[in-house]
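The lines below spell out each chain.
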Amino acid sequence: MKNNLDQDLDFVLKHYEENKFDTGDAINKFHAKTGTTHRILIGRRWWAAAAAVFAAAFVLFAGGYGIYSLVQKGQAPVAQTSESHTAPHIFVFDNTPLADVLEELSGYYGRKLTAPASDKCLSATFPDDSLGVIVAAIETALEIDITIE
Amino acid sequence: MAGQLDIDGLFRRYYRQMCLYALHYVQDSDVVEDIVQEAFLTIWQKAQDGAVPLHPRAYLATIVRNGCIDFLRMQASHPEEDLPVSITAEEEDYLDSAEQEAELWTAIDRLPPGRRQMLLLHKRDGLSHKEIAKRIGVSEGTVRNQISRALKSLRGRSRTIIPLFFI
C-alpha cells in the first residue's frame, strides 16, 4: 500500500502543468481586480533575483567559480553535481571525461550535446547558467566544438 | 486597507494549497484558479466590512469547496440534483493533503528543466524510458538516472531545505 507522500506525489504529477497556480501571478491578478497595491514585492522576478544572489554566494564560498583546468585522463574520473531544488544547480566536474560531461549536461537540460571523440577531461565548477554559456566555456577551455541539437 | 488582513501573506501561504484542494473536486486548472481567486476576493471583501476570520485557512477552504460544488452543479446534467452539503471524511483528507501537494508542486517547478520534462513524460504522460530517450535524443540510462534523481529529490525535499541555510 502506498504511503501518503507517494499518493500525494502521484496526484500532483498527474495534474502538474507548468506556469499554473503561480502565487505571484495570482497576487498581481488580485490587485489588478481590486485596484489595491502590493504590500510586498513578490513573484517570479523576486525569486529569480534571490536565487541569483544565493548562487553567487554559494559559488564564491566554494571558491571554484570560473576556474577551469585542462588535464589528461589519469585517475578515476568523478562527476559530481549538487542535489537541491531549493537553490540553483551547481555542476562540479573533477577530471571528468568530456563524454560524461556532455551526458550530464544533456540529461539536465534535455538537449542532446555532441562533440568529436576526444580523450580530454574537464575540471570545472559552474552554476546552471544558460546552456549556451556553459557550452561556450567548455569549448574555450578544451578547444573543441560542441553541437547542441 | 482591509482591517488587519494581510492579503498578500494569505496568498503566499494558502493560494497554491487551495488550488490543489480544489483540484480534487474540479479537474480543470483554469476553473480552479478562478474559484480560488474568487475565494480570496470574498475573504478580502468580508475583511473590508470588519469581518476578519480567525481561521483563514478553514474559511478559505469552505469558500473554495462551495465554489467547486456550485461549478459541478452547473455542469451536472440535472442541476437541480442536490450535491452533498456536509464535508465527508474523504474531503477532510483532501484538505490535509493539499499542503503537502502544494509543496510537491513547488518542488517540481524547481527541478532542472530537462529532469522535470523526463519525469513528466514518464509519470504524467505514460511514456517509457525508451520512448523518452528517443524523443529527447539521450540514452535510456540517462532518462532512468534523471527520473530517479527527480523522484529522490521530491521525496526528500523537506530534508534538503534546512542544511542549505548553513552552507
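Computed from a predicted structure; not experimentally measured. (Residues numbered from 1 in each chain as written. Chains lettered and ligands numbered in written order. Predicted model: local features only at pLDDT ≥ 70, side-chain atom pairs only at ≥ 80, totals over all residues.)

Trainee: What is the right way to read the overall build of chain A from this model?
Mentor: Across its full length, chain A carries five helices and six strands. Going from N to C terminus, chain A has its helices and strands arranged as α-α-α-β-β-β-α-β-β-α-β. Taken across its 149 residues, chain A has 23% of its residues classed as buried. (Helix = DSSP H or I, 4+ residues; strand = E, 2+ residues; numbered from the N terminus. Buried ≥ 20, exposed ≤ 12 C-beta atoms within 10 Å, placed from the backbone.)

Trainee: What is the right way to look at the overall build of chain B in this model?
Mentor: Broken down by element type, chain B carries eight helices and zero strands. When the helices and strands of chain B are read in sequence order from the N terminus, they spell out α-α-α-α-α-α-α-α. Across the 167 residues in chain B, those meeting the buried criterion constitute 37%. Here the contacts in chain B between residues at least 6 apart in sequence split such that 66% fall between residues at least 24 apart. (Contact = placed C-beta atoms within 7 Å.)

Trainee: Would you explain the packing of helix H4 (residues 98-109) of chain A against helix H5 (residues 131-142) of chain A in this entry?
Mentor: Residue and element names in this part refer to chain A. Two numbers describe how H4 lies on H5: the axes approach to 12 Å, and their chain directions differ by 175°. Here H5 runs roughly antiparallel to H4, going by the angle between their axes. Residue-level inspection shows Leu98, Val101, Leu105 and Tyr109 of H4 in contact with H5, the latter providing Leu131, Ile134, Ile138 and Leu142. In terms of residue class, the contact of H4 with H5 is built from eight nonpolar, no polar and no charged. (Axes fitted to C-alpha atoms, helices over the stretch in contact; angles between N-to-C directions. Parallel < 35°, antiparallel > 145°, perpendicular 65-115°, else oblique. Nonpolar A, V, L, I, M, F, W, Y, C, P; charged D, E, K, R; others polar.)

Trainee: What should I look at first to understand the interface of chain A and chain B in this one?
Mentor: A common way to express how large an interface is: the accessible area buried when the components associate. Counting residues at the interface gives 40 residues for chain A, matched by 45 residues for chain B. Where the side of chain A that touches chain B is concerned, the elements lending two or more residues are helix H1 (4-15), helix H2 (23-34), helix H3 (44-62) and H4 of chain A. With eight residues, H1(A) is the largest single contributor of residues to the side of chain A that touches chain B.

Trainee: Please explain the nonpolar core as it appears in this structure.
Mentor: Side chains of a nonpolar character, in soluble globular proteins, are inclined to be buried together. Residues B:Met18, B:Cys19, B:Tyr21, B:Ala22, B:Val36, B:Ala39 and B:Val64 are the most contacted members of the largest nonpolar core, which totals 50 residues. Apart from residues lying up to four places away in sequence, B:Ala39 is in contact with B:Met18, B:Leu60, B:Ile63, B:Val64 and B:Gly67. (Core = buried A, V, L, I, M, F, W, Y, C linked by C-beta atoms within 7 Å.)

Trainee: It is not clear to me how unusual backbone geometry should be interpreted in this structure. Could you clarify?
Mentor: Note on backbone geometry: most residues besides glycine have negative phi, and most peptide bonds are trans. Residue and element names in this part refer to chain A. Within the chain, Asn19 stands out as a residue other than glycine whose phi angle is a positive 65°. Locating Asn19 in the fold gives a position in the loop between H1 and H2. Assessed through the 8 C-beta atoms surrounding it within 10 Å, Asn19 is described here as exposed. In this model, Phe21 sits at a positive phi of 60°, which is unusual for a non-glycine residue. Accessibility expressed as a C-beta count within 10 Å gives 25 for Phe21, which makes it buried.

Trainee: For this particular structure, what's the right way to read helix H3 (residues 56-75) of chain B?
Mentor: With 20 residues, H3(B) ought to run about 28 Å at 1.5 Å a step, and its terminal C-alpha atoms sit 28 Å apart, in line with that. Considered for burial, the residues of H3(B) that qualify are B:Leu60, B:Ala61, B:Ile63, B:Val64, B:Arg65, B:Gly67 and B:Cys68. (Expected span 1.5 Å × (residues − 1).)

Trainee: Looking at this model, I keep getting lost on the confidence of the model for chain B. Mind explaining?
Mentor: Detailed reading of the predicted coordinates is not advisable wherever pLDDT falls low. All names here are of chain B. The share of residues in chain B with pLDDT of 70 or more is 83%, and the mean pLDDT across the chain is 86. Every residue in residues 158-167 is under pLDDT 50, and counting partners more than four places away or in other chains gives eight contacts. For this predicted complex, the interface confidence score (ipTM) comes to 0.83, while the overall pTM stands at 0.63. (pLDDT = per-residue confidence, 0-100.)

Trainee: What's the story with the confidence of the model for chain A in this structure? I'm lost.
Mentor: All names here are of chain A. This prediction gives chain A a mean pLDDT of 73; 63% of its residues lie at or above 70. The least confident element of chain A is strand S2 (residues 78-81), whose mean pLDDT is 49; the most confident is H1, at 92. Low pLDDT, under 50, characterises residues 40-44; the stretch is placed with nine contacts to residues that sit more than four places away or in other chains. Predicted confidence is poor over residues 74-78, with pLDDT under 50, and the contacts of this stretch with residues over four places away or in other chains come to ten contacts.

Trainee: Please explain the packing of H4(A) against helix H5 (residues 113-123) of chain B as it appears in this structure.
Mentor: Angle between the axes and distance between the axes: these two values describe a pair of packed helices. As a packed pair, H4(A) and H5(B) sit with axes 4 Å apart at the nearest point and diverge in direction by 65°. Between H4(A) and H5(B), the contacting residues are A:Gly107, A:Tyr108 and A:Tyr109 on the first element and B:Pro113, B:Gly114 and B:Arg115 on the second. Residue classes in the contact of H4(A) with H5(B) are distributed as three nonpolar, two polar and one charged.

Trainee: How do you make sense of H4(A) when you look at a structure like this?
Mentor: Since there are 3.6 residues in each turn of an α-helix, residues three or four apart along the chain are aligned in direction. Residues and elements named next belong to chain A. With twelve residues, H4 ought to run about 16 Å at 1.5 Å a step, and its terminal C-alpha atoms sit 16 Å apart, in line with that. Within H4, ten of the twelve residues are buried, which leaves it mostly tucked inside the rest of the structure. Those residues of H4 that fall on the buried side of the exposure criterion are Leu98, Val101, Leu102, Glu103, Glu104, Leu105, Ser106, Gly107, Tyr108 and Tyr109. Directly beyond the C-terminal end of H4, a positive phi value near 70° is found at Gly110.

Trainee: Explain the environment of B:Glu99 here, please?
Mentor: Residues and elements named next belong to chain B. Structurally, Glu99 can be placed in helix H4 (residues 89-109). For Glu99, a count of 17 C-beta atoms within 10 Å translates into the label partly exposed. For Glu99 and Met18, which are 81 residues apart along the polypeptide, the C-alpha to C-alpha distance reads 8.5 Å.

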